[in-house]
Amino acid sequence: MVASSVLGFPRIGANREVKKAVEAYWAGKISADELTKVAAEVKKASWTSVKAQGGEFSLYDHVLDHSAAFNVIPKRYQGLGLSPLDVYFAMGRGRQTEGVDVPASEMKKWFDSNYHFVVPEFSEETDFKLNFNKAVEEFKEAKALGITTRPVAAKEAKPGFQPISLLPKLLPLYKTLLADLKEAGAEWVQVDEPILVLDSAAGLEKEFTSAYTELAPVAPKILLTTYFARLDTNVNFVAKLPIAGLHIDLDRAPAQLEDVVKAIKDTKIVLSLGLVSGRNIWKTDFTAAIKLGQQAIETLGADRVIVATSSSLLHTPVTLASEKKLTEEQKDWFSFALEKAGEVTTIAAVLSGSQDAARRAFEQNSDDTVRKRVAAITDDQLERRSPFSVRKEIQAKTLNLPKFPTTTIGSFPQTKEIRQARAKLGKGELTQEGKEIETVVRFQEKIGLDLLVHGEPERNDMVQYFGELLNGFVFTQNAWVQSYGSRYVRPPIIVSDVSRPTPMTVKWSAYAQSLTKLPMKGMLTGPVTILNWSFPRADVSREIQSKQLALALRDEVVDLENAGIHAIQVDEPAIREGLPLRRSDWDAYLKWAVDSFKLATAGVTDKLQTHSHFCYSDFDDIFPSIQRLDADVISIEASKADMKLLNTFKQYGYSNQIGPGVYDIHSPRVPGGQEIKDRLKSMLDILPDSLLFVNPDCGLKTRGWKETEASLVNLVEGAKWARENYA
């Protein structure tokens, strides 16, 4: 009998109950007990939906949960008189109230996904202790409902200080945690080790062997879980570990099955097959999935095979049942988390011989005009007319910006009134559509910003907005996915060839420019980011989809310049995120990703200053590709990275202009004036003053007006100080 399993389930609630409750708690509208009650209800609903499956819950971030549980709490959050829950949230989002003023911890992307995790901060002084055993508490909570779950644990080493050296101190706590789970009646425990799909794990064989040799005797049966890429040669030492089960991702890396089966054939290890995608929303190809399952069964036997999702379903929406506007035909293409759990059960039943497989083919639409245009792309279309050194002088005369020019990343606060007005705009009822844009323009003039933006009040999301105006996308009502903390997104779905029927942003940017003599910056989302932050097609390569998007954006960029806009920002925060996890796969991806950006931005004159924005990215390994983008100005998240990112730019001699973020916008905390000056001084110790722009870390959409005004006033004062001291 082939078993079935789910590695994890969305923890947001079918109607975003967790987001609403967490934000109500932050606003002081509900108590900690009331928040806990909502969390319990969501966990119960999830466990009941998928029955005896794996999974975990988090109020903010599962990595932050482990930091709090194992006391990996930086000193700046200790001794503040805060409850454990408020310390937890302060680490995630910062805190500035009741005499407490601490910034948030750094965030990074979880492998190659759009999920952000809070980075643990280790040092030689880290005092590990088990503050609470969340895994046991939730196992007992589910057991009380008559559901036996498979608890989940996670460990991961981070760069900089070598945290792997702390493993001997951490293992005793894991032994306690796992022993408590076993005593509570857990038969299996899922231990996530996705680091095993990275090249760097090859040097950790000794540490893995010693760790699992200690853990196995006291733990429930250990299912060692990998996902997002292939084990590759790491399977050779993984097969020797004292584990009961091994999970591999066959959605992202189906070719690894043969090598893995061969490596574990003569062991007793059960193999969990990740056949149902945890990252996309298309129905599973049952024919291909069953073929892989049969291949494993032929060698290992049915009793050593589990059918599972490829990864946690955290990255997918909860259920299709909430979608009322998709056509029945469109619904038949898709599978969300709850439906994917059903697919897992179906595939296991087919492999056990108790059910027949059935699958309806997707509709595949093609646009011959779009296909021919992609095929006709030439190298000349990827290059600007002149090198940066020439463009810079021309742009200086066109834009007339001062030294240390100030700007923002694009969006301004979106109040309840703006959201209501945008809903009317969508229905064609809004008559004063420029009112908010004028408010934002006048505000920027008043505080003294140099390169203005229109504020994006018409946009619901930086990807969804463009998808709604392009051919080739469909949209959902309630298909929310967690990005970080209480920030959820509804990714568009690419279902056919992409093209631009009409201009998308020209009207708004041109109107904003008509209100001021200061230069206005047009705002677009780049092709690679639109692709990575959508659910892409399963039948066409990502390269083709990216280049179709690039051609649509190229037309928009040209139209913006023709409308009198002389600075355009094409954001690519996801270009690093999409990098394959195995280094041997990098070159092919970077070639088409960088080419897509250049294709989108190179069709303009030398007067046009191109900007791009990147957030939460490590550029060390791909710096030549960042240089090859040839953007005139790039802005980057830097306020929480302790300037380590900027040293990379210095090391490689980056010659174009750059705007490192001077304050963190993901926290409501207002940075002090001296804090910004100190940060600018640190930047100028590394970067040439002729290249520096002054801007926040990211867009201001999620912030309130009060904190936005205070922060930007301090930013402008910081730039004035720099001009006075670095003339």
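Residues numbered from 1 in each chain as written. Predicted model: local features only at pLDDT ≥ 70, side-chain atom pairs only at ≥ 80, totals over all residues. Heavy atoms only, no water.

Caption draft 1: Focus on the sheet that holds strand β19 (residues 633-636). Pairing within the open sheet is parallel, and its 5 strands lie in the order β16-β17-β18-β19-β20. Among the strands making up the open sheet, the edge pair consists of β16 (521-525) and β20 (657-660). For this sheet, the mean angle separating the axes of adjacent strands, direction not counted, is 20°. Lying over the sheet, helix α20 (residues 542-562) contacts β16 and β17 (567-571), oriented at roughly 175° with respect to β16. (Pairing = 2+ DSSP bridges. Helix = DSSP H or I, 4+ residues; strand = E, 2+ residues; numbered from the N terminus. Axes fitted to C-alpha atoms, helices over the stretch in contact; angles between N-to-C directions. Contact = heavy atoms within 4.5 Å.)

Caption draft 2: Seen up close, the nonpolar core. The biggest cluster of nonpolar side chains holds 87 residues, and the ones touching the most others in it are Phe-619, Ile-634, Ile-636, Phe-649, Leu-712 and Leu-715. Considering every element that reaches this core, the biggest residue donor is helix α21 (residues 586-601), with 9 residues. Once you skip the residues sitting within four places of it in the chain, Phe-649 turns out to touch Phe-619, Phe-623, Ile-634, Ile-636, Tyr-654, Ile-658 and Leu-687. Counting residues in each nonpolar core, the second largest holds 73 residues, with Leu-166, Leu-170, Ile-195 and Ile-248 among its members. (Core = buried A, V, L, I, M, F, W, Y, C linked by side-chain atoms within 4.5 Å. Buried < 20%, exposed > 50% of the residue type's maximum accessible area, 1.4 Å probe, protein only.)

Caption draft 3: Representation of the pattern of salt bridges. This structure, assessed with the given rule, holds 39 salt bridges. Note that Lys-446 and Glu-709 form a salt bridge whose closest N and O atoms lie 3.5 Å from each other. Highlighted residues: Lys-446 in helix α16 (residues 435-447) and Glu-709 in helix α25 (residues 705-725), separated in sequence by 263 residues. In this structure Lys-446 comes out as exposed when scored by relative accessible area, which is 61%. Three or more residues joined by partner-sharing salt bridges are found here, namely Arg-371, Asp-497, Arg-537 and Asp-539. (Salt bridge = Lys/Arg side-chain N within 4 Å of Asp/Glu carboxyl O.)

Caption draft 4: Highlighting the pairing of strand β13 (residues 481-484). Sheet analysis places β13 next to strand β14 (residues 487-489), joined by 3 bridges and oriented antiparallel. When the sheet's bridge partners are listed, Val-481 is paired in β14 with Val-489. Here β13 folds back onto β14 in antiparallel fashion, the turn holding 2 residues, of which Gly-485 has a positive phi close to 50°.

Caption draft 5: Highlighting the packing of α16 against helix α18 (residues 506-514). Put simply, α16 and α18 touch, their axes get as near as 10 Å, and they point 45° apart. Between α16 and α18, the angle falls in the class oblique. Like other packed secondary-structure pairs, α16 and α18 cross with a definite hand, here right-handed. Mapping the contact onto sequence places Ile-437, Glu-438 and Val-441 in α16 and Trp-508, Tyr-511 and Ala-512 in α18. Considering only residue class, the contact of α16 with α18 consists of 5 nonpolar, no polar and 1 charged. (Parallel < 35°, antiparallel > 145°, perpendicular 65-115°, else oblique. Left-handed = near helix turned anticlockwise from the far one by under 90°. Nonpolar A, V, L, I, M, F, W, Y, C, P; charged D, E, K, R; others polar.)

Caption draft 6: Local environment of the UniProt feature "binding site: L-homocysteine" (unreviewed entry) in the protein. In this structure's numbering, the residues bearing the UniProt feature "binding site: L-homocysteine" (unreviewed entry) are Ile-409, Gly-410, Ser-411 and Asp-571. For this annotated set, covering 163 residues, all C-alpha atoms fall within 12.0 Å of each other, a compact arrangement in space. Considering the arrangement of structural elements, one finds Ile-409 in the loop between α14 (388-399) and α15 (416-426). Excluding anything up to four places from it in sequence, Ile-409 contacts Met-523, Gln-569, Asp-571, His-613, Ser-635, Asn-695, Pro-696, Asp-697, Cys-698 and Gly-699. With respect to the helices, strands and loops of the structure, Ser-411 is situated in the loop between α14 and α15. The residues contacting Ser-411, other than those within four sequence positions of it, are Gly-455, Glu-456, Gly-699, Leu-700 and Lys-701. (UniProt positions renumbered as here; feature names shortened; annotations may be inferred.)

Caption draft 7: Highlighting α20. Taking 1.5 Å per residue, 21 residues should reach 30 Å; α20 reaches 30 Å between its end C-alpha atoms and fits that length. Backbone geometry just downstream of α20 places Gly-564 in the positive-phi region, at approximately 95°. (Expected span 1.5 Å × (residues − 1).)

Caption draft 8: Representation of the environment of Leu-645. Position of Leu-645 relative to the elements: it lies in helix α23 (residues 644-652). Residues Leu-645 and Ala-563 lie 82 residues apart in sequence; the distance between their C-alpha atoms is 36 Å.

Caption draft 9: Structural context of unusual backbone geometry. Even without glycine at this site, Asn-400 takes up a positive phi of about 55°. Topologically, Asn-400 is positioned in the loop between α14 and α15.

Caption draft 10: Region of interest: the packing of aromatic side chains. For the structure on display, the rule yields 28 aromatic pairs. Centre to centre, the rings of Phe-208 and Phe-237 are 5.8 Å apart; their planes meet at 45°, and the pair counts as tilted. Of this pair, Phe-208 sits in helix α7 (residues 205-215) while Phe-237 sits in helix α8 (residues 235-238), placing them 29 residues apart in sequence. Of the two residues, Phe-208 and Phe-237, both sit in the buried class. Each ring, one from Phe-649 and one from Tyr-654, has its centre 5.3 Å from the other, and the planes form 85°; the classification is edge-to-face. Taken as a pair, Phe-649 and Tyr-654 share a single burial class, namely buried. Taken together, the ring pairs in this structure connect Tyr-25, Trp-26, Tyr-60, Tyr-88 and Phe-89 into an aromatic cluster. A cation sits over an aromatic face here: Lys-19 above Tyr-488, 5.7 Å from the ring centre. (Phe/Tyr/Trp six-rings, centres within 6.5 Å; stacked < 30°, edge-to-face > 60°. Lys NZ or Arg CZ within 6 Å of the ring centre and 35° of its normal.)

Caption draft 11: Region of the structure containing the environment of Gly-467. Residue placement: Gly-467 occurs in helix α17 (residues 464-469). With a relative accessible area of 1%, Gly-467 lands in the buried category. Measuring from C-alpha to C-alpha, the distance between Gly-467 and Asn-478 comes to 16 Å, with 11 residues separating the pair along the chain.

Caption draft 12: Just the side chain of Asn-114, in detail. Structurally, Asn-114 is set in the loop between β4 (107-109) and β5 (116-118). Of note is the side chain of Asn-114, whose polar atom sits 3.4 Å from the side chain of Lys-109. Those residues in contact with Asn-114 that sit more than four places away from it in its chain are Lys-109, Ser-483, Trp-533 and Glu-577. (Polar contact = N/O pair within 3.5 Å; in protein donor to acceptor, adjacent residues only side chain to side chain.)

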